Every structure is written in C-alpha cells, then in structure tokens.
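Here is what each chain is made of, one letter per residue.
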Amino acid sequence: MSDDKRLGLGPIPISPENYINEKQVDGMSILKKFGWKLVCIRRPFNGDTAMLLKNGYEHAVGILGEDGILRIHPEIRIRQSRG
C-alpha cells in the first residue's frame, strides 16, 4: 500500500496558478532568479496553500507562504521519486 498522501495528485499541479495567490506568484518569480525551484505545492483540505522550494546552489529548502515570504526550514526532507 502506498503512503503517498496526495491521493493520485502530482507534487506540482498542471495549473499551479489555480492554487497560489498573487504574492506567491511574485515571490516565486523573484526567487527563481536566485536558483530556487518549485518542488511541490501543499494543498491541504483545510488550511493555507504553501509552496515548497529548493535552492540548488545552497541545497536549502524553504516554504513560500501565502504572504509571499520564503521561510527556510533545514529540517524538511524531500522524499525521492520512486518512478
């Protein structure tokens, strides 16, 4: 049995703009210039949508919240793709 909590949804939706707000769009466009890449979009049933980003240069992981601010979280582990 799979322990994947996405229930068949991929880590990045086909149309991410349907899940994120204008502040997150603006923040992401700035962060891309500094090497940050989108890993997944957390889409909880009841809660704020958050974007998980990874910086390839520094190997840092952070969450871009609904306020458009990136918060670094070194304790976050990104699971590896099985496919």
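The notes below deal with the structure included here. (Residues numbered from 1 in each chain as written. Predicted model: local features only at pLDDT ≥ 70, side-chain atom pairs only at ≥ 80, totals over all residues. Heavy atoms only, no water.)

Once that is clear, we can look at the overall build of the protein chain. For the protein chain, the count of helices and strands is one helix and four strands. If you list the helices and strands of the protein chain from N to C, you get α-β-β-β-β. For the protein chain, long-range pairs separated by at least 24 residues make up 41% of all intrachain contacts whose partners lie at least 6 apart in sequence. For the protein chain, the accessible area works out to roughly 6,400 Å², and carbon and sulfur atoms hold 55% of it. (Helix = DSSP H or I, 4+ residues; strand = E, 2+ residues; numbered from the N terminus. Contact = heavy atoms within 4.5 Å. Areas by Shrake-Rupley, 256 points an atom, 1.4 Å probe, with all protein chains shown as cover.)

So, about the side chain of N55. Note that N55 resides in strand β2 (residues 50–55). Within the local environment of N55, its side chain forms a polar contact with the backbone nitrogen of Y57, the two atoms lying 2.8 Å apart. Leave out the neighbours within four places in its chain, and N55 touches F34, G35, W36 and A60. (Polar contact = N/O pair within 3.5 Å; in protein donor to acceptor, adjacent residues only side chain to side chain.)

Our next topic: helix α1 (residues 22–32). Along an α-helix, residues three or four apart share an orientation, since each turn contains 3.6 residues. Here α1 has its buried residues at Q24, G27, M28 and L31. All buried residues of α1 fall inside an arc of 100° around its axis, so they share one side. Contacts from the buried residues of α1 go to β1 (36–42), β2, β3 (60–64) and β4 (70–72). (Buried < 20%, exposed > 50% of the residue type's maximum accessible area, 1.4 Å probe, protein only. Arc of directions from axis to C-beta.)

With that settled, consider the sheet that holds β1. Strand order in the open sheet formed by four strands is β1-β2-β3-β4, and the pairing between neighbours is antiparallel. The sheet is open, and its two edges are formed by β1 and β4, each paired on a single side. Neighbouring strand axes in the sheet, compared pairwise and without regard to direction, differ in orientation by 30° on average. Pairing geometry for β2 and β3, over five bridges, is antiparallel. For M51, the partnering residue across the bridge sits in β3 and is L64. (Pairing = 2+ DSSP bridges. Axes fitted to C-alpha atoms, helices over the stretch in contact; angles between N-to-C directions.)

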